[in-house]
Amino acid sequence: CGKNDAEEAPAPTLYDRLGKTEGIAKIVDGLIANVGTETQMTNSVMLRSHKPMLDAVNSGADPTRLQRLRNNFIDQVGEATGGPLKYKGLSMLTAHKGMAVTHTEFTVWRAQLEKSLNTNKVSETDKAALYAIIDKMHDDVVGH
Ligand code: HEM
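Residues numbered from 1 in each chain as written. Predicted model: local features only at pLDDT ≥ 70, side-chain atom pairs only at ≥ 80, totals over all residues. Heavy atoms only, no water.

A. Seen up close, the site of the ligand. Of all residues adjacent to the ligand, which total 23 residues, the nearest are Arg 65, Leu 69, Asn 72, Leu 90 and His 96. One nitrogen or oxygen atom from the side chain of Asn 72 is found 2.8 Å from an oxygen atom belonging to the ligand. His 96 has a polar side-chain atom sitting 2.9 Å from a nitrogen atom of the ligand. At a threshold of 2 Å from the grid points, most atoms of the ligand map onto the largest pocket. Among the secondary structure elements, those contributing two or more residues to the shell around the ligand are helix 4 (47-58), helix 5 (65-80), helix 6 (92-95) and helix 7 (103-119). Here the element with the most residues in the shell around the ligand is helix 5; it accounts for 5 residues. Across the shell around the ligand, the residue classes break down as 15 nonpolar, 6 polar and 2 charged. (Near = heavy atom within 4 Å. Polar contact = N/O pair within 3.5 Å; in protein donor to acceptor, adjacent residues only side chain to side chain. 1 Å grid on protein atoms, 1.4 Å probe; cavity = no way out; pocket = protein on both sides within 12 Å on 5 of 7 lines; lining within 4 Å. Sits in = over half its atoms within 2 Å of the grid points. Helix = DSSP H or I, 4+ residues; strand = E, 2+ residues; numbered from the N terminus. Nonpolar A, V, L, I, M, F, W, Y, C, P; charged D, E, K, R; others polar.)

Below, the structure is given as structure tokens:
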């Protein structure tokens, strides 16, 4: 209390700085849109890994599959950045098992995230903090 209030207020978490759940949802939606665009390019790098999901959504066999991935990803980022969200999806190892994701595919995926972070005007400091979280998952995502 008193004059120390400002000093003692907790620093905003990365979750807060990304704009809480709403800001994270925009970042994830941007990422998904960018990945979707990339998969439609000639010589797409990400079409191979995403084709089973895209086919399931587009054929109507599993119309909410992409929506589930989106919501899980928002929860995952919302939890890992210090927010109140709780990730209820698969472990990164299990989620990407059988996909044989390559390091190149990971790099291209990461570039789609970067584009969305830039579009959403995330600062370089906050981008670096988020990449520290994301890049720790590299070895669980790639090569299984
Ligand atoms: C650190 C980086 C990554 C994170 C944090 C991440 C996160 C996730 C999450 C949360 C899920 C859903 C798991 C569930 O619903 O239980 C998922 C699934 C998936 N991820 Fe990733 N991912 C990453 C990298 C990649 C890369 C590099 C690719 C391919 C280029 C990829 C392709 C997919 C696909 C195709 C699915 C499955 C969708 C389905 O079949 O329903 N991911 N990922």
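B. Main features of the packing of helix 4 against helix 5. Direction vectors running N to C along helix 4 and helix 5 enclose 125°, while the axes themselves pass 8 Å from each other. By the criterion of interaxial angle, the relationship of helix 4 to helix 5 is oblique. Contacts from Pro 52, Met 53, Ala 56 and Val 57 of helix 4 reach helix 5 at Arg 65, Leu 66 and Leu 69. Residue classes in the contact of helix 4 with helix 5 are distributed as 6 nonpolar, no polar and 1 charged. (Axes fitted to C-alpha atoms, helices over the stretch in contact; angles between N-to-C directions. Parallel < 35°, antiparallel > 145°, perpendicular 65-115°, else oblique. Contact = heavy atoms within 4.5 Å.)

C. View of helix 8 (residues 124-135). If you check helix 8, its first and last C-alpha atoms are 16 Å apart, about what 12 residues at 1.5 Å a residue would give, namely 16 Å. Within helix 8, the full set of buried residues consists of Asp 126, Lys 127, Leu 130, Tyr 131, Ile 133 and Ile 134. The arc that holds every buried residue of helix 8, seen down its axis, measures 155°, which confines them to one face. Residues of helix 8 that are exposed and angled more than 90 degrees away from the buried face: Glu 124 and Thr 125. Buried residues along helix 8 sit in contact with helix 2 (14-17), helix 5, helix 7 and helix 9 (138-141). (Expected span 1.5 Å × (residues − 1). Buried < 20%, exposed > 50% of the residue type's maximum accessible area, 1.4 Å probe, protein only. Arc of directions from axis to C-beta.)

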